[in-house]
Amino acid sequence: MMTPRLTSAMLVSALVRRVGLAGGNAVVVARGDPTAGSVLLICLEKGIRTAFREQVLDASGRYEWSAVGPGPHAESPEVDAWQARRRQRDPDLWIVELDIANAERFAAEMNNGS
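## Focus on the environment of Ala67
No. 1: Looking at where Ala67 falls in the secondary structure, it is placed in strand E4 (residues 63-67).
No. 2: Ala67 sits in the exposed class, given a relative accessible area of 57%.
No. 3: Separated by 26 residues in the primary sequence, Ala67 and Leu41 place their C-alpha atoms 9.7 Å from one another.
No. 4: When sequence neighbours within four positions are dropped, the list of residues in contact with Ala67 reads Phe52 and Arg53.

Encoded structure:
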């Protein structure tokens, strides 16, 4: 059974708001489909990439944040090229940078409550 979830636009808006309220910075790099676009997170801490996560549907019908992309220490040109390929394959994709300590925690807290 699939778990109901927030629209992509609502999820992104909530993440941006929560990170901002906690003293971090969140930037929507690319807007996707407001209803059902996938969400890709670039997690940073003090401007340093720590992870890439994408919300995916697991076998039990729940949404989880899955590790994706190049390693967190990849050079910027590699990351930029990867993001461009992802957007080319999926123009509905949202890309959001979360710059806050333990950015993945903010995403996890939104997961499945969405």
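So that's the structure; there's more coming.
## A word on the nonpolar core
Across soluble globular proteins, nonpolar side chains have a tendency to be buried as a group.
No. 1: Ranked by internal contacts, the top residues of the largest apolar core, which has 19 residues, are Leu11, Leu15, Val19, Val39, Leu41, Trp65 and Leu98.
No. 2: For this core, the leading source of residues is helix H1 (residues 8-21), giving five residues.

## So, the sheet that holds E4
Backbone-to-backbone hydrogen bonds join strands into a sheet, with any given pair of strands oriented parallel or antiparallel.
No. 1: With mixed pairing, the five strands of this open sheet are ordered in space as E1-E5-E2-E3-E4. Each edge of the open sheet is held by one strand with a lone partner, namely strand E1 (25-30) and E4. Direction aside, the axes of adjacent strands within the sheet are offset by 25° on average.
No. 2: As defined by bridge partners, strand E2 (residues 39-45) adjoins strand E3 (residues 48-57) across six bridges and the pair is classed as antiparallel. The residue bridging Leu40 from the neighbouring strand is Glu54, located in E3.
No. 3: On the sheet, H1 packs against E1, E2, E3, E4 and strand E5 (94-99) and is oriented at approximately 15° with respect to E5.
No. 4: Contacting E2, E3, E4 and E5, helix H3 (residues 103-110) crosses the sheet at an angle of about 145° to E2.

## A closer look at helix H2 (residues 76-89)
In an α-helix, one turn spans 3.6 residues; hence positions three or four apart end up facing the same way.
No. 1: Along its 14 residues, H2 runs 20 Å from first to last C-alpha, staying within 8% of the 20 Å computed at 1.5 Å per residue.
No. 2: Residues of H2 that are buried: Val79, Trp82, Gln83 and Arg86. Each buried residue of H2 lies within a common arc of 100° when the element is viewed along its axis, so the set occupies one face. Exposed residues on H2 whose side chains face more than 90 degrees from its buried face are Pro77 and Gln88.
No. 3: Elements in contact with the buried residues of H2: E1, E2, E3 and E5.

Rules and cut-offs
- Residues numbered from 1 in each chain as written.
- Predicted model: local features only at pLDDT ≥ 70, side-chain atom pairs only at ≥ 80, totals over all residues.
- Heavy atoms only, no water.
- Helix = DSSP H or I, 4+ residues; strand = E, 2+ residues; numbered from the N terminus.
- Buried < 20%, exposed > 50% of the residue type's maximum accessible area, 1.4 Å probe, protein only.
- Contact = heavy atoms within 4.5 Å.
- Core = buried A, V, L, I, M, F, W, Y, C linked by side-chain atoms within 4.5 Å.
- Pairing = 2+ DSSP bridges.
- Axes fitted to C-alpha atoms, helices over the stretch in contact; angles between N-to-C directions.
- Expected span 1.5 Å × (residues − 1).
- Arc of directions from axis to C-beta.

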